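# Commentary on secondary and tertiary structure
The residues making up each chain are set out below.
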Amino acid sequence: MPTVPQVSVGSLSQIFKIRRSFKVLGLVLTSTLSATCCGLVEAQLVYSQTSSYGVSNQAYPTPYSGSGQTVQTPYGIPSQSVESGQANQTPYGMPSQSHGFDPSTNQFGEPDVSPTEDPTQSYPSSEDGVSSPRSAPFTGNCGTTTVDSSGGFAQLVSNVSQTASWVEQPAIGMGALLGQVAPQIMAYLNPAPLPDINPLARQAKVPVMMYHDILPQKQVFFDVTPKEFESHLKLIKKKGLTPISMDQLVTHLRTGAPLPPKPIVLTFDDGYKGHYDYVYPLLKKYNYPAVFAIYTAKVGKKMGRSSLTWEHLREMAKDPLITIASHSVTHKVMDGMSPRQLGIETQQSKQILESQLGVPIRYFVYPEGKFDQAAIEAVEAAGYAAALTMDDNDEQLAGQSRNLFAIGRIGQSRMEEMVDIAWEGPQAAPINLGFDFAAPVRRLDATIDNTPFIFIAGGRPVTIHANTRGQVPEIIAGTPVIAAVDGGFFSLEMLDSNEMLGPVYSQSHGQFIPGKRGEIPFLKERPLVLIGPSAVKFIPFDPQKHNSLEGIQAEMPEVTDAFVAAGWLVDRGQPQPLERFGKLYSVNELRHRAFWGINQQGQPQIGVSTEPIGSVDLGIALAKAGFRDAVMLDSGASTSLAFKGASLVGYTPRPVPHVVGLIPPGGTADTVCPVVTSSTR
């Protein structure tokens with residue numbers, strides 16, 4: 001096995017350095033390797049057979065199944081005896097992937113079943129609609145570069161080989177593991193602090209639909225007939241939505257783990273008999289999961305309308321499609337309730353349901369959607385993983401919710417609107433320890449730790465060193481660059497000067513311009529950015545070695561672009577401390593910031609903060625956003641970002657002479673590129 005540098009991508013190194021990795025991940029993996037005539041290696045992973053909504057089609061053991069035994073629940077409450085052979089819903093994590101992940105504790109358990117198919121992950125189409133299996137050369141007057149499509153795979157295999165040796169697994173098998181399941185693994189290992197919602201999950205649009213009674217003749221306006229309800233299910237199917245379980249939703253909100261296309265959650269409150277007579281048969285017909293919120297005082301009793309019985313609920317609770325949630329004991333409004341009564345409504349309802357049904361009750365639904373902070377604390381103290389609410393005056397998608405204990409819902413009357421809104425969010429592609437310069441260019445907006453960001457990722461990175469200063473949209477006009485951010489530091493001696501601080505080399509003109517001898521010692525250890533046709537390097541700048549074309553070519557023989565960035569933000573997945581920035585001026589003051597780097601999928605990614613942020617906090621946010629490596633660019637008044645010819649910042653930035661750009665796959669360069677004006681150094 002070749003010797004390669006240690007691989008460390010975010011939290012992955014914490015997993016793969018230990019031999020019990022697979023047990024920690026809760027995965028059962030079978031790898032079969034075969035070499036092809038071209039020297040490539042194929043790997044097959046065996047996953048659990050899953051249905052379209054992500055719950056295993058097989059019966060599998062849970063802590064609530066056995067041979068006529070009374071089983072203790074995780075909450076210390078004896079569950080009902082369960083006869084041998086009965087299949088119960090798995091109480092932990094995401095059944096769709098059999099990871100055994102418990103959202104309430106962020107812990108992994110043993111796998112429930114052996115994993116069949118790997119769900120394919122893909123990015124949404126780029127905004128420019130251009131996609132190609134490999135990047136087109138940057139041709140024309142800007143010089144020619146080529147992308148070796150096999151290089152990324154070879155680099156990935158090389159990088160992974162050391163990682164694989166840590167767990168005594170074949171290198172390529174480990175590479176396949178990283179490539180296909182790492183997005184979920186990374187999500188599980190980087191959850192938001194309880195009860196916060198993960199920033200990645202806030203980008204998705206998941207409607208949690210709320211129903212009450214289903215009956216042939218409506219009695220109030222929010223009742224629904226069986227015919228109307230089935231029309232909703234038909235619409236869901238027609239529009240390509242994927243109903244998901246409450247476990248899937250909470251795991252996604254907690255960790256940002258990927259969701260299936262156009263997810264939606266179906267919930268039913270108050271335990272009406274119509275839920276058993278009409279809803280449950282239709283759910284089985286369409287194979288859709290749902291949540292039923294039960295308040296225990298009503299079960300089996302004639303209270304107002306019809307009620308479910310314990311026999312109905314036991315039958316439903318055995319079905320993996322069904323999640324039973326607590327809706328309190330008495331259905332009294334919890335806003336302003338005494339601490340003693342809050343304890344009864346949250347704890348006693350949970351105990352009764354778990355004892356009667358033999359399944360864990362992990363979720364709570366506030367009666368009438370009303371609650372206060374004391375109610376939230378009571379729900380959390382009772383051991384629930386999340387809670388649903390409602391507000392007719394402010395209906396929210398799941399990702400817009402305050403936190404996991406106040407997940408918003410939307411009334412069923414808005415179903416036709418929601419089927420066109422539902423979106424799974426930006427999907428995590430397989431982690432690539434090499435580079436991918438052939439992905440579509442796409443824009444992603446996100447708020448991380450209360451700071452809003454604009455990210456643009458994909459394509460092939462280049463720089464443009466213009467012959468004078470200008471706005472970023474002006475600099476990229478007439479070039480194949482579709483998106484660009486302001487680049488390195490430049491001299492402020494003259495208003496129209498394009499002189500850079502430190503050496504600069506750009507394929508826009510093909511000239512290497514050394515840095516001034518009196519300036520470059522102050523740039524020592526700052527990130528030297530080296531861009532090639534199929535790779536990028538970020539290395540500490542050495543004034544003695546890197547102020548010549550020969551010097552940078554010694555680091556990267558095929559280098560096409562080079563410049564010195566402002567500072568290190570993320571290095572191999574880790575945010576960098578204040579000391580790493582050296583003596584950079586105003587390094588941690590609150591300023592608008594520009595940055596670029598490589599994300600966990602090996603794709604170039606540029607962006608800006610649209611509100612001021614310190615450099616250290618910026619690095620922390622970018623690590624959370626999934627950057628593998630990131631460096632800061634000229635910021636403050638120079639912070640600028642352009643996409644498709646338009647500026648994306650809400651002010652007029654200071655003109656700049658240098659940008660980092662992205663060329664989309666299939667992009668051409670039949671244009672005149674900016675020409676640099678050389679100056680004496």
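In the block above lies the structure referred to throughout.
Source: prediction; values computed, not measured.

## Structural notes on the overall build of the chain
Of the regular secondary structure elements, the chain holds 14 helices and 29 strands. Burial analysis of the chain (681 residues in total) assigns 59% to the buried set. Total accessible area on the chain stands at roughly 27,000 Å², and carbon and sulfur atoms take up 51% of it.

## Concerning the packing of aromatic side chains
Tallied over the full model, the rule gives 18 aromatic pairs. Ring geometry for phenylalanine 364 versus tyrosine 366: centroids 5.6 Å apart, planes at 70°, classification edge-to-face. What links up through ring pairs into an aromatic cluster is the set Tyr211, Phe229, Phe268 and Phe292. Stacked on the ring of tyrosine 384, the Lys or Arg lysine 350 has its end atom at 5.6 Å from the ring centre.

## Observations concerning the nonpolar core
Ranked by internal contacts, the top residues of the largest apolar core, which has 55 residues, are Leu266, Phe292, Ile324 and Tyr366. Per element, the largest residue contribution to this core is five residues, and it comes from helix 7 (residues 273-286). Setting aside residues no more than four positions away along its own chain, phenylalanine 292 makes contact with Phe268, His275, Val279, Leu283, Met316, Ile322, Thr323, Ile324 and Ala325. Listed in part, the 28 residues of the second largest apolar core include Phe437, Ile531, Trp568 and Leu648.

## Re helix 5 (residues 226-238)
Since the α-helix packs 3.6 residues into each turn, any two residues three or four apart lie on the same face. When the terminal C-alpha atoms of helix 5 are compared, their 18 Å separation across 13 residues agrees well with the 18 Å that a helix rising 1.5 Å per residue should span. Those residues of helix 5 not exposed but buried are Pro226, Phe229, Glu230, His232, Leu233, Leu235 and Ile236. Considering only its buried residues, helix 5 is in contact with strand 5 (208-211), strand 6 (242-243), strand 7 (263-269), helix 7 and helix 11 (415-418). One or two positions beyond helix 5, positive phi appears at glycine 240, with a value near 80°.

## Remarks on helix 10 (residues 373-381)
Buried within helix 10 are the following residues: Ala375, Ile376, Ala378 and Val379. In an axial view of helix 10, the angular spread of the buried residues amounts to 165°, which keeps them on one side of the axis. Those residues of helix 10 that are buried are in contact with helix 9 (339-357), strand 10 (363-365) and strand 11 (386-388). Capping of helix 10 at its N-terminal end is provided by aspartate 372; its side-chain oxygen lies 3.3 Å from the backbone amide nitrogen of alanine 374.

## Regarding the sheet that holds strand 28 (residues 646-647)
Taken in spatial order, the five strands make up an open sheet running 15-29-16-27-28, and their pairing is antiparallel. A single partner strand is all that each edge strand has here, and the edge strands are strand 15 (460-470) and strand 28. In this sheet, strand 29 (residues 656-663) lies alongside strand 16 (residues 483-486) in antiparallel orientation, the contact comprising four bridges. Its bridge partner being in strand 29, alanine 483 is matched across the sheet by leucine 662.

## Observations concerning the pattern of salt bridges
Under the criterion given, the structure shown has 19 salt bridges. Among the salt bridges present, the one from glutamate 395 reaches arginine 414, with a minimum N-O distance of 2.7 Å. Residue glutamate 395 is located in the loop between strand 11 and strand 12 (410-411), and its partner arginine 414 is located in the loop between strand 12 and helix 11; the two are separated by 19 residues in the primary sequence. Shared partners join several salt bridges into a network, and the residues in it are Asp213, Asp223 and Arg305.

## Comments concerning unusual backbone geometry
Not every positive phi belongs to a glycine, and aspartate 449 is a case in point at roughly 50°. With respect to the element layout, aspartate 449 can be found in the loop between strand 13 (442-448) and strand 14 (451-457). By relative accessible area, which is 42% here, aspartate 449 ends up partly exposed. One non-glycine residue with positive phi stands out, namely lysine 644, at about 55°. Relative to the assigned elements, lysine 644 resides in the loop between strand 27 (641-643) and strand 28. Judged by its relative accessible area of 42%, lysine 644 falls in the partly exposed class.

## Some details on the sheet that holds strand 18 (residues 512-513)
Taken together, the five strands give an open sheet; going across it, the order is 18-17-21-19-20, and neighbouring strands pair in antiparallel fashion. Strand pairing shows two members of the sheet lacking a second neighbour, strand 18 and strand 20 (536-540), which therefore form its edges. As paired strands, strand 19 (residues 527-531) and strand 20 are joined by five bridges and run antiparallel to one another. The residue of strand 20 that forms the bridge with valine 529 is phenylalanine 538.

## Here we look at the environment of leucine 397
On the secondary structure map, leucine 397 appears in the loop between strand 11 and strand 12. Along the chain, leucine 397 and glycine 408 lie eleven residues apart, while their C-alpha atoms are 6.1 Å from each other. Contact partners of leucine 397, with chain neighbours within four places excluded, come to Lys205, Val206, Pro207, Ile410, Met418 and Ile421.

## Quick word on the packing of helix 5 against helix 7
In contact at an axis separation of 10 Å, helix 5 and helix 7 are set at 25° when each is read in the N-to-C sense. Between helix 5 and helix 7, the angle is such that the two are roughly parallel. Note that helix 5 runs across helix 7; the crossing there is right-handed. For the pair helix 5 and helix 7, the contacting residues are Pro226, Phe229, Glu230, Leu233, Lys234 and Lys237 in the first and Tyr278, Val279, Leu282, Leu283, Lys285 and Tyr286 in the second. Taken together, the residues of the contact of helix 5 with helix 7 sort by class into eight nonpolar, no polar and four charged.

## Comments concerning the pairing of strand 7
Counting buried positions along strand 7 yields seven of seven residues, so the element is predominantly enclosed. Judged from the four bridges that link them, strand 5 and strand 7 form a sheet pairing that is parallel. Residue pairing across strands places methionine 209 opposite leucine 266, the latter belonging to strand 7. When strand 6 meets strand 7, the two strands line up parallel, connected through two bridges. By the bridge assignment, proline 243 is partnered in strand 7 with isoleucine 264. For the handedness criterion, the β-α-β arrangement of strand 6, helix 6 (residues 246-255) and strand 7 is classed as right-handed. A crossover connection joins strand 7 to the parallel strand 8 (residues 290-294) through helix 7; in handedness this β-α-β unit is right-handed.

## Points about a nonpolar patch on the surface
A cluster of nonpolar side chains, namely Val220, Phe221 and Phe222, defines an oily patch on the protein surface of about 320 Å² accessible area. Structurally, phenylalanine 222 is set in the loop between strand 5 and helix 5. Residue class for phenylalanine 222 comes out partly exposed when judged on its relative accessible area of 35%.

Cut-offs applied
Residues numbered from 1 in each chain as written. Predicted model: local features only at pLDDT ≥ 70, side-chain atom pairs only at ≥ 80, totals over all residues. Heavy atoms only, no water. Helix = DSSP H or I, 4+ residues; strand = E, 2+ residues; numbered from the N terminus. Buried < 20%, exposed > 50% of the residue type's maximum accessible area, 1.4 Å probe, protein only. Areas by Shrake-Rupley, 256 points an atom, 1.4 Å probe, with all protein chains shown as cover. Phe/Tyr/Trp six-rings, centres within 6.5 Å; stacked < 30°, edge-to-face > 60°. Lys NZ or Arg CZ within 6 Å of the ring centre and 35° of its normal. Core = buried A, V, L, I, M, F, W, Y, C linked by side-chain atoms within 4.5 Å. Contact = heavy atoms within 4.5 Å. Expected span 1.5 Å × (residues − 1). Arc of directions from axis to C-beta. Polar contact = N/O pair within 3.5 Å; in protein donor to acceptor, adjacent residues only side chain to side chain. Pairing = 2+ DSSP bridges. Salt bridge = Lys/Arg side-chain N within 4 Å of Asp/Glu carboxyl O. Axes fitted to C-alpha atoms, helices over the stretch in contact; angles between N-to-C directions. Parallel < 35°, antiparallel > 145°, perpendicular 65-115°, else oblique. Left-handed = near helix turned anticlockwise from the far one by under 90°. Nonpolar A, V, L, I, M, F, W, Y, C, P; charged D, E, K, R; others polar. Right-handed = clockwise from strand over helix to strand, strands pointing away. Patch = residues over 30% accessible without salt bridge, like charges linked within 9 Å, V, L, I, M, F, W, Y side chains within 5 Å.

Note that every value here comes from positions in space, so none of it alone points to a role or purpose.
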